[in-house]
Amino acid sequence: MTSLQNFNVLLGITGGIAAYKTPDLVRKLKAQGANVRVVVTESAKSFVSPLALQAVSGNTVSDNILDPAAEAAMGHIELARWADILLVAPATANFIAKLANGLADDLLSTLCLATNAPIYIAPAMNQQMWFASATVENMQILETRGIGIFGPDQGEQACGEVGPGRMMEPEQLVSELGKVITHPILKGKRITITAGPTREHIDPVRYITNHSSGKMGYALARAAKLMGAEVTLVSGPVNITAPNVDKLHKVVTAEDMLNTVMKDIKDCDIFIGCAAVADYRPTESVDHKIKKSNIELTLTFVRNPDILASVAALKDGPFTVGFAAETQNVSEYAKDKLQRKKLDMIAANDVSQRDIGFNSDDNRLHVFWKSGDIQLDKADKLTLATQLLQLISEHFNDAQN
Ligand code: C5P
């Protein structure tokens with residue numbers, strides 16, 4: 001299997017001279033097994049023919065956000081959802097500026113805002129434009145937003161100058177893309193992931209919850225989709241945008257989460273409990289606002305159901321993976337949970353560390369299973385999610401054989 005097999009690559013072409021190389025880029029992407037759809041900007045059409053791109057990609061080329069025919073077939077939102085990856089090559093200085101500022105005044109820039117897929121750009125421009133402070137600052141913005149950058153290459157430019165600014169050659173672009181793309185090793189597998197906190201009502205205006213941001217669970221859902229899985233995401237209340245999954249269930253309380261998870265858990269191959277489920281809920285949820293009266297207020301709480309342990313206890317249940325967010329004795333507590341909740345695997349993280357854990361973009365995991373363990377070094381949550389899913393996939397396959 002080649003590295004881009006079955007990947008949906010949305011190729012955006014902007015108006016630089018290097019656009020003349022893009023039919024070759026499309027051919028090379030297709031030769032690696034990718035499905036390719038092309039979007040061109042108005043100025044790109046001066047450098048490359050949409051007809052040639054249609055012929056090599058095997059799909060109609062899109063160029064206009066206000067195209068009723070396209071909206072009836074594959075409109076901009078479908079196109080944004082279809083993409084596993086969005087590659088803009090060549091990306092001109094003008095396009096980079098638009099992307100850095102979140103403009104959406106044509107189809108390609110709109111797609112960049114509308115897609116959940118990772119975005120990669122291959123800048124191409126005159127070397128003076130590459131070194132202009134505006135471009136340098138715009139590139140910094142894109143980097144901090146996690147947009148991947150390929151090139152530019154050094155060398156002789158179409159304008160006769162020599163320096164950085166040449167678009168990376170199609171062959172190298174395809175090879176770089178192959179390195180960042182993950183293999184669809186979870187194709188055909190159904191994965192249910194819980195994410196975020198739960199919220200337990202005290203009265204109609206008050207609740208208790210915790211600091212979970214949902215970022216790790218959402219990264220797992222996104223990585224699992226990129227690896228070809230059919231993903232159900234059961235999410236508590238969070239402030240981040242959900243990735244493009246097969247089923248998204250938004251829940252509030254631990255009891256809602258348990259009921260939703262249990263509905264189709266029988267069809268599920270792998271369950272990952274990443275949510276920070278509230279361990280307790282108020283004994284009674286009052287249906288009117290509790291008024292201030294005494295100096296002290298005493299609330300009593302009851303234990304919430306343990307969703308993860310309930311799934312792990314199912315006969316012929318899925319491969320079950322838990323998380324252990326701890327502030328001390330991380331390994332001991334995690335190993336104890338693995339055994340006590342009868343899990344197949346557990347990923348522990350130390351949430352007392354400021355640079356990882358709750359609400360941060362990075363994490364570090366120590367993963368345990370019955371007969372072993374592995375440390376996954378500090379990385380962004382999508383990278384860690386991918387590594388954890390690779391590990392889960394290996395152990396799931398071993399358990400099947
Ligand atoms: O016991 P503890 O809460 O530390 O265990 C954490 C793991 O258990 C996480 O995977 C979390 O999603 C899961 N859990 C659960 N239901 C609960 C409490 C925790 O699924 N009520």
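The preceding data block contains the structure.
In this report, we go over the structure that sits alongside the text. In this numbering scheme, every chain counts its residues from 1 along its sequence in written order. In keeping with the predicted nature of the model, local features appear solely for residues at pLDDT of at least 70, side-chain atom pairs appear and are counted solely at 80 or more, and the whole-chain, interface and lining totals rest on all residues. Remark: hydrogens and water are excluded; side-chain values derive from all non-hydrogen atoms of the structure.

## A short note on the side chain of Thr-110
In step 1: Mapped onto the elements of the fold, Thr-110 is located in helix 6 (residues 107–114).
In step 2: A contact between two residues is defined here by any heavy atoms of the two lying within 4.5 Å. Leaving out residues up to four positions away in the same chain, Thr-110 has contacts with Ile-65, His-76, Ala-104 and Asp-105. By definition, any uninterrupted DSSP run of H or I lasting at least four residues is a helix, any uninterrupted run of E lasting at least two residues is a strand, and each is numbered from the N terminus.

## Points about empty space enclosed by the protein
In step 1: Using protein atoms alone on a 1 Å grid, points that fit a 1.4 Å probe yet trap it form a cavity, whereas open point sets bounded by protein on both sides within 12 Å along at least five of seven lines form a pocket; residues with an atom within 4 Å of a point count as lining. Grid points are joined across faces, edges and corners, and a volume is the space filled by probe spheres set on the points. By the definition in use, this model includes 1 cavity of 30 Å³ or more.
In step 2: Surrounding the largest cavity, Ser-62, Asn-64, Ile-65, Ala-70, Glu-71, Met-74, Gly-75, His-76, Leu-79 and Leu-107 form its lining.
In step 3: Elements represented by at least two residues in the lining of the largest cavity include exactly helix 3 (68–72) and helix 4 (76–82).
In step 4: For the lining of the largest cavity, the per-class residue count stands at 5 nonpolar, 4 polar and 1 charged. Think of it as three bins: nonpolar holds Ala, Val, Leu, Ile, Met, Phe, Trp, Tyr, Cys and Pro, charged holds Asp, Glu, Lys and Arg, and polar takes everything else, Gly as well.

## Notes on helix 5 (residues 93–100)
In step 1: Three labels apply to residues, based on accessible area from a 1.4 Å probe with only protein chains included: buried if under 20% of the type maximum, exposed if over 50%, partly exposed otherwise in between. Along helix 5, 6 of the 8 residues are buried, which leaves the element largely enclosed by surrounding structure.
In step 2: Within helix 5, burial applies to Ala-93, Phe-95, Ile-96, Lys-98, Leu-99 and Ala-100.
In step 3: For helix 5, the elements touching its buried residues are strand 3 (85–91), helix 6, strand 4 (119–123), helix 7 (127–131) and helix 8 (133–144).
In step 4: Phi turns positive one or two residues past the end of helix 5, at Gly-102, with a value near 70°.

## Some thoughts on the pattern of salt bridges
In step 1: What counts as a salt bridge is simple: a side-chain nitrogen of Lys or Arg found within 4 Å of a carboxyl oxygen of Asp or Glu. Under the counting rule described, the total for this entry stands at 16 salt bridges.
In step 2: For Asp-203, the salt bridge goes to Arg-206, with nearest N and O atoms at 2.5 Å.
In step 3: By relative accessible area, which is 2% here, Asp-203 ends up buried.
In step 4: Of the residues examined, Arg-206 reaches a relative accessible area of 31% and is grouped as partly exposed.
In step 5: Here Glu-326 and Lys-337 are joined by a salt bridge, their closest N and O atoms 2.4 Å apart. Taken together, the residues Glu-326 in strand 16 (residues 319–326) and Lys-337 in helix 13 (residues 330–340) connect sequence positions 11 residues apart. Considered together, Glu-326 and Lys-337 belong to a single accessibility category, that of buried residues.

## Side note on the site of the ligand
In step 1: Any residue with a heavy atom lying within 4 Å of a molecule or strand is counted as near it. Gly-273, Ala-275, Val-277, Asp-279, Pro-305, Asp-306, Ile-307, Leu-308, Gly-322, Phe-323, Lys-337 and Lys-341 make up every residue found near the ligand.
In step 2: Within the contact set of the ligand, an oxygen atom lies 2.8 Å away from a backbone nitrogen or oxygen of Phe-323.
In step 3: Here the ligand loses 86% of its free accessible area of 450 Å² to cover by the protein chains.
In step 4: Each molecule is checked against the cavity or pocket grid, and it sits inside if more than half of its atoms lie within 2 Å of the grid points. Here the ligand occupies the second largest pocket.
In step 5: Looking at the shell around the ligand, the elements with two or more residues in it are helix 12 (307–312) and strand 16.
In step 6: Residues that form the shell around the ligand fall into these classes: 6 nonpolar, 2 polar and 4 charged. Here a polar contact means two N or O atoms within 3.5 Å. Within protein one must be a hydrogen donor candidate and the other an acceptor candidate, and residues neighboring in sequence count only if both atoms are side-chain atoms. Per-residue and other accessible areas follow the Shrake-Rupley method at a 1.4 Å probe size, with only the shown protein chains counted as cover for residues.

## Side note on the packing of aromatic side chains
In step 1: Only Phe, Tyr and Trp rings are paired, with Trp represented by its six-membered ring, and only when their centres lie within 6.5 Å; those with planes under 30 degrees apart are stacked, over 60 edge-to-face, the remainder tilted. Considering all chains together, one arrives at 2 aromatic pairs under this definition.
In step 2: On the numbers, 5.1 Å between centres and 10° between planes, the contact of Tyr-120 with Phe-150 is stacked. One end of the pair, Tyr-120, is in strand 4; the other, Phe-150, is in the loop between strand 5 (148–149) and strand 6 (153–156), with 30 residues separating them in the sequence. Considered together, Tyr-120 and Phe-150 belong to a single accessibility category, that of buried residues.
In step 3: When the centroid spacing of 6.2 Å and the interplanar angle of 80° are considered together, the rings of Phe-319 and Phe-396 count as edge-to-face. Taken as a pair, Phe-319 in strand 16 and Phe-396 in helix 14 (residues 381–400) lie far apart in primary sequence, 77 residues in all.

## As for helix 2 (residues 50–57)
In step 1: Sitting at the amino-terminal end of helix 2 is Ser-49, which places a side-chain oxygen 3.1 Å from the backbone nitrogen of Leu-51.
In step 2: Once helix 2 ends, the next one or two residues include Gly-58, with phi positive near 80°.

## Let's talk about the packing of helix 5 against helix 8
In step 1: All axes are obtained by fitting lines to C-alpha atoms, using only the stretch in contact for helices, and the reported angles, taken between N-to-C directions, cover 0 to 180 degrees. Contact geometry of helix 5 with helix 8 gives a least axis separation of 9 Å together with a crossing angle of 50°. Considered as vectors, helix 5 and helix 8 are oriented oblique to each other. At the point where helix 5 passes helix 8, the crossing takes the left-handed sense. Between helix 5, through Ala-93, Ile-96, Ala-97, Leu-99 and Ala-100, and helix 8, the contact on the second element is made entirely by Thr-135, Asn-138, Met-139, Ile-141 and Leu-142. Any angle that falls under 35 degrees is termed roughly parallel, while one over 145 is termed roughly antiparallel, one within 65 to 115 roughly perpendicular, and all others oblique. By convention the crossing between two helices is left-handed if the near helix lies anticlockwise of the far one by an angle smaller than a right angle, and right-handed if it lies clockwise.

## Topic: the pairing of strand 1 (residues 8–13)
In step 1: With 6 of its 6 residues buried, strand 1 lies for the most part within the structure.
In step 2: Criterion used throughout: strands pair if DSSP finds at least two bridges between them. Where strand 1 meets strand 2 (residues 35–40), 6 bridges bridge the pair, whose relative direction is parallel. When the bridges of strand 2 are listed, Leu-11 appears paired with Val-38.
In step 3: For a crossover, the right-handed case is the one in which the path from the first strand over the helix to the second runs clockwise, viewed with the strands pointing away from the viewer. Note on the crossover from strand 1 through helix 1 (residues 22–31) to strand 2: the handedness is right-handed.
In step 4: In this sheet, strand 3 lies alongside strand 1 in parallel orientation, the contact comprising 4 bridges. Each bridged residue has a counterpart across the sheet, and for Leu-10 the counterpart in strand 3 is Leu-86.

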